[in-house]
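Residue strings, one per chain:
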Amino acid sequence: MEKGKAMARRWAVDFSDSSSSSHPTVADPPGFARSAPDLDETSGSRQKKDAEAAWKAQKAWEVAQAPFKNLLMMGFMMWMAGNTVHLFSMGITFSALWQPISALRSVGKVFEPYKDPKVDLNAPRLLFIALNLGGLLLGMWKLNTLGLLPTHASDWVFSLPPAKEVEFAGGGSPFY
């Protein structure tokens, strides 16, 4: 090979051409299309969006049904706590009241990840709200069984006699 003489190579590409069109001798790489189709119009993209919407709807229903499990667990814990006023029963009762209240305050945040124009979130939200209201009613029932709700007139007016006790438990007679 002589110095100064440029030898043309078969595999070399001349990049000195600055025109917008590609070099006519260089073919486009596999999978490259000059006019890309609109992604919203392709059936694969549409199927992907439909699958994502179905997944979001399924997850929204799972989130909406989650308070039911909490409701069963809280009911069992309240039953185990008994009907006497002590620290454990009070803690369980106020936990049963606080959890639904905080869940009801954050309904918008709970369903935020599942927002999609194709997904109707009204029914899952209503179920979520109904189950949390059921949990709140369960806590109120426990407060009533503990005798901590003011349900009689004597609870509000001090001059009235207290309500008549339905049950009485007293000491027994010792056996010698």
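Residue indices begin from 1 for each chain and proceed along its sequence in written order. Totals for whole chains, interfaces and linings use every residue, but because this is a predicted model, local features are given only for residues with pLDDT of at least 70 and side-chain atom pairs only at 80 or more, for both listing and counting. The side-chain values count all of the structure's non-hydrogen atoms but skip hydrogen atoms and water molecules.

1. Thoughts on the packing of helix α1 (residues 43-81) against helix α2 (residues 87-105)
- The convention used is that axes are lines fitted to C-alpha atoms, helices contributing only their stretch in contact, and that angles between N-to-C directions extend from 0 to 180 degrees. Numbering of helices and strands starts at the N terminus; helices are DSSP runs of H or I of at least 4 residues and strands are runs of E of at least 2. Direction vectors running N to C along α1 and α2 enclose 160°, while the axes themselves pass 9 Å from each other. Between α1 and α2, the crossing angle belongs to the class labelled roughly antiparallel. The handedness of the crossing between α1 and α2 is left-handed. On α2, the residues that touch Asn-70, Met-74, Met-77, Met-78 and Ala-81 of α1 are Phe-88, Ser-89, Ile-92, Ser-95, Ala-96 and Gln-99.
- Residue type decides the class: Asp, Glu, Lys and Arg count as charged, Ala, Val, Leu, Ile, Met, Phe, Trp, Tyr, Cys and Pro as nonpolar, and the leftover types, Gly among them, as polar. Of the residues in the contact of α1 with α2, the class split is 7 nonpolar, 4 polar and no charged. With respect to orientation, any angle under 35 degrees is reported as roughly parallel, any angle over 145 as roughly antiparallel, any angle of 65 to 115 as roughly perpendicular, and every other angle as oblique. Crossing handedness is defined as follows: a turn of the near helix away from the far one that is anticlockwise and smaller than a right angle gives a left-handed crossing, while the clockwise case is right-handed. Contact criterion: two residues are considered in contact whenever any of their non-hydrogen atoms come within 4.5 Å of each other.

2. Regarding the confidence of the model for the chain
- A residue-level look at the chain finds 83% of positions with pLDDT of 70 or above and a mean pLDDT of 83.
- The secondary-structure element of the chain with the lowest mean pLDDT is α1, recorded at 90, while helix α4 (residues 122-145) shows the highest, at 94. Across the chain, each position has a pLDDT score giving the predictor's confidence in that residue, from 0 to 100.

3. A closer look at the pattern of salt bridges
- Salt bridge criterion: a side-chain nitrogen from Lys or Arg within 4 Å of a carboxyl oxygen from Asp or Glu. Taken as a whole, this structure holds 5 salt bridges when the rule is applied.
- For Lys-118, the salt bridge identified is with Asp-50, shortest N-O distance 2.9 Å. With a gap of 68 residues between them, Lys-118 in the loop between α3 (107-110) and α4 and Asp-50 in helix α1 connect regions that are remote in the sequence.
- A salt bridge links Asp-116 to Lys-56, with the nearest nitrogen and oxygen atoms 4.0 Å apart. On the criterion of sequence distance, the pair formed by Asp-116 in the loop between α3 and α4 and Lys-56 in helix α1 is long-range, its members being 60 residues apart.
- Each member of the salt-bridge network shares a partner with another, and the members are Glu-52, Lys-56 and Asp-116.

4. Notes on the side chain of Lys-56
- With relative accessibility at 12%, the residue Lys-56 sits in the buried group.
- Not counting chain neighbours up to four residues away, the residues in contact with Lys-56 comprise Pro-113, Tyr-114, Lys-115, Asp-116 and Val-119. We call a residue buried when its accessible area falls under 20% of the maximum for its residue type, exposed when it is over 50%, and partly exposed in between, using a 1.4 Å probe and counting protein chains only.

5. Considerations on the nonpolar core
- As used here, the term nonpolar core means buried Ala, Val, Leu, Ile, Met, Phe, Trp, Tyr and Cys residues forming a set that is joined through side-chain atoms within 4.5 Å. Counting residues in hydrophobic clusters, the biggest one holds 10 residues: Ala-53, Ala-60, Ala-64, Ala-103, Val-107, Phe-111, Tyr-114, Val-119, Leu-121 and Phe-128.
- The element that contributes the greatest number of residues to this core is α1, accounting for 3 residues.
- The residues contacting Ala-60, other than those within four sequence positions of it, are Phe-111, Tyr-114, Leu-121 and Pro-124.

6. Considerations on the UniProt feature "transmembrane region" (unreviewed entry) in the chain
- If you check UniProt for "transmembrane region" (unreviewed entry), the listed places come out as residues 76-101 and 121-141 in our numbering.
- Secondary structure within residues 76-101 divides into 81% helix and 0% strand; the distance between the first and last C-alpha atoms comes to 20 Å.
- Taken as a whole, residues 121-141 contains 95% helix and 0% strand, while its terminal C-alpha atoms sit 30 Å from one another. UniProt positions are given in the numbering used here, feature names are shortened, and annotations may be inferred rather than shown by experiment.

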